[in-house]
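What follows is each chain in one-letter form.
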Amino acid sequence: MALISLNGVSLTFAGPPLLDAVSLQIDDGERLGLLGRNGAGKSTLLRILEGTLAPDSGDVVRQPGLRVASLQQEVPLDLAGTVREYLHETCGVTRSDAAWRIETRIDQAASDLALDLDATIATLSAGSKRRVLLAAALVRDPDLLILDEPTNHLDLDAIRHLEDALQHRRGTLVFVTHDRSFLRSLATRILDLDRGAIRSYRSGYDAYLRTREEEQRVEVDQAALFDKKLALEEAWVRRGIKARRTRNEGRVRALEALRVEHGARRDEVSRVKAQLQEAERSGRVVLRCKDLGFTYGEPPIVRGFTGTILRGDRIGILGPNGCGKTTLIHLLLGEIAPQQGSVTAGTKLEVAHSEQLHDALDDTKTVVETLGEGRDTITVGGVERHVVGYLRDFLFSPEQIQGPVLRLSGGERKRLQLARILSRPCNLLVLDEPTNDLDLETLELLEEMLLEFRGTLLLVSHDRTFLDNVVTSTLVFEGAGQWREYVGGYEDWLRQRRSAEPAPAAKPPRPKPGRDLLRPRRITFKEKRELADLPGRIERLETEKQGVFDLMASADFYTTRGDEVAATRLRLAEIETGIHEAYGRWLELENLAIGETE
């Protein structure tokens, strides 16, 4: 018998149904990843599964005695007591024979999620409170565990521990996430909620993507054929049927049926249309830090950090929660004065900075007031746009545009935040946890825009796939205020970290007399000359790249011979490879030079 079954379930709040005669069966031991656009009804479906929301019609059949636990998106305001007390209260079991089992589960959850069981919940950050709620769902050991965006506000270590815990736990899991690495690791089945219908794919995430892409192509082709048939029948009617009325009444009725079917059809929602608004190019050096230091106490947040950020760098900032990633950004942007050392900003900087937690959106304002700030139009890419039209590009309905921010879901709030920041011209973009609450389609769109952005990017994120796809280097917290830069994204950092670790069975070599093993090798004279020449080489490549971009953007470029177009594209690829290699070599030599002066 299935743990839970939905039979013809429908639910409508306003507008089209969120669930339209949905049928679904969930079996024991499955791990189901639920996907869908923001506002598609994912959280609504989860509430029906957990039994806190009744559908308008249809049946929900649960296995007798089914135990369900869930993680909600919002943190309640009335959490009190210590973490241990709250978790014990959550279990609600007082029998002495079960006490040791509960205590074991509490200790395990606290270890997996890095929780201090003696901490007072009221003093915790929003992210830590969410981890307490996640631990509460785990310690109840339910038959069906429902998690809504469980990786939000978790650092990388906590996400990996959670993945491991969920892979090894008994029971069934239904979860919503934007974290594609998390989804690939856990999901044994994908549920796709789209326009009120649920499609089930008994496969992993990557196989689902391939199947769904083919299905969408077929759906578009079928819709086009249907529309063509309808247009032909409409044209036949317009030509007049008076002389053939009796003979063609059946065809008229068939046309009416086509019209009804077309009116009931829910076409796929348009994709978000957006682009980053780039300001004038900044100087080659964007930020330069020298012996930067800052502390609130022990351990320090930043100690002795020296480094240079160049135009075009896309840097991911990694570290556990509470290590000071956001403080480091404020230091780099000059919003906090360093206690030691200095930060020097480059020339012509135009900064756009997206803070965490929805950038403090005012819930009392309407969506159009939030974006327009009293204006009816905004300038986007040098073109004046009406605020309403711009918001429609981000898939906000007319009702949402005129309605208050308070009514938006978490994902829709994040989309509004994205619309705000993309409307501001910038050449230095700072994003702090931008992927939380975004649906996967908008997340992929953001990736595409960042890859096309020719300015400089500073990115704080715990989304491993997002980091791998976007950044060119990572700045990693290594404890005691030490930050170190690595070439590449998250997986590149892992490889470099593993290669730097000594083999466990290897014996350390005996030091030669008088040799300091901790001293890095000295930079050679030839390497010093190479380091001095690299900025000029990078500048020349960047200039050539811009020239190729300008050529390809000209109106008559694609009217030239095909072999010339292909050669230009090949040269652009060679230039981009050369720039990437030059930056990597520059970073390697710069680290050697810095180590020699310390």
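Before reading on, note that the structure itself is shown above.
Caption draft 1: Broad picture of the sheet that holds strand β13 (residues 340–345). Pairing in this open sheet of 3 strands is antiparallel, and the strands run β11-β10-β13 from one edge to the other. Each of the sheet's edge strands pairs with one partner strand only, and the pair in question is β11 (302–310) and β13. Taken over all neighbouring pairs, the strand axes of this sheet differ in orientation by 10 degrees on average, direction set aside. By the bridge criterion, 6 bridges tie strand β10 (residues 285–294) to β11 in an arrangement that is antiparallel. Considered in β11, the bridge of Phe 294 is made with Val 302.

Caption draft 2: Representation of the nonpolar core within the structure. Within the largest apolar cluster, 85 residues are counted, with the highest numbers of intra-cluster contacts made by Leu 166, Leu 391 and Leu 429. Counting residues per element, this core draws most heavily on helix α4 (residues 126–139), which supplies 8 residues. Leu 3, Leu 49, Val 176 and Leu 191 belong to the second-largest nonpolar core, a separate cluster that totals 25 residues.

Caption draft 3: Layout of the packing of helix α2 (residues 83–91) against α4. At their nearest, the axes of α2 and α4 sit 9 Å apart, and the two run at 40 degrees to each other. Judged by the inter-axis angle, α2 sits oblique to α4. Judged by the sense of rotation from one axis to the other, the crossing of α2 with α4 is right-handed. Seen from α2, the contacting residues are Val 83, Tyr 86, Leu 87, Thr 90 and Cys 91; seen from α4, they are Val 132, Leu 133, Ala 135, Ala 136 and Val 139.

Caption draft 4: Broad picture of the packing of aromatic side chains. Using the criterion set out here, one finds 6 aromatic pairs in the structure. When the centroid spacing of 5.8 Å and the interplanar angle of 55 degrees are considered together, the rings of Tyr 490 and Trp 493 count as tilted. Here Trp 493 and Tyr 490 lie together in helix α16 (residues 490–500), a separation of 3 residues that amounts to about one turn. A relative accessible area of 8% places Trp 493 in the buried class. Through successive ring pairs, a cluster of aromatic residues spans Tyr 201, Tyr 205 and Tyr 208.

How each quantity is defined
- Residues numbered from 1 in each chain as written.
- Predicted model: local features only at pLDDT ≥ 70, side-chain atom pairs only at ≥ 80, totals over all residues.
- Heavy atoms only, no water.
- Pairing = 2+ DSSP bridges.
- Helix = DSSP H or I, 4+ residues; strand = E, 2+ residues; numbered from the N terminus.
- Axes fitted to C-alpha atoms, helices over the stretch in contact; angles between N-to-C directions.
- Core = buried A, V, L, I, M, F, W, Y, C linked by side-chain atoms within 4.5 Å.
- Buried < 20%, exposed > 50% of the residue type's maximum accessible area, 1.4 Å probe, protein only.
- Parallel < 35°, antiparallel > 145°, perpendicular 65-115°, else oblique.
- Left-handed = near helix turned anticlockwise from the far one by under 90°.
- Contact = heavy atoms within 4.5 Å.
- Phe/Tyr/Trp six-rings, centres within 6.5 Å; stacked < 30°, edge-to-face > 60°.

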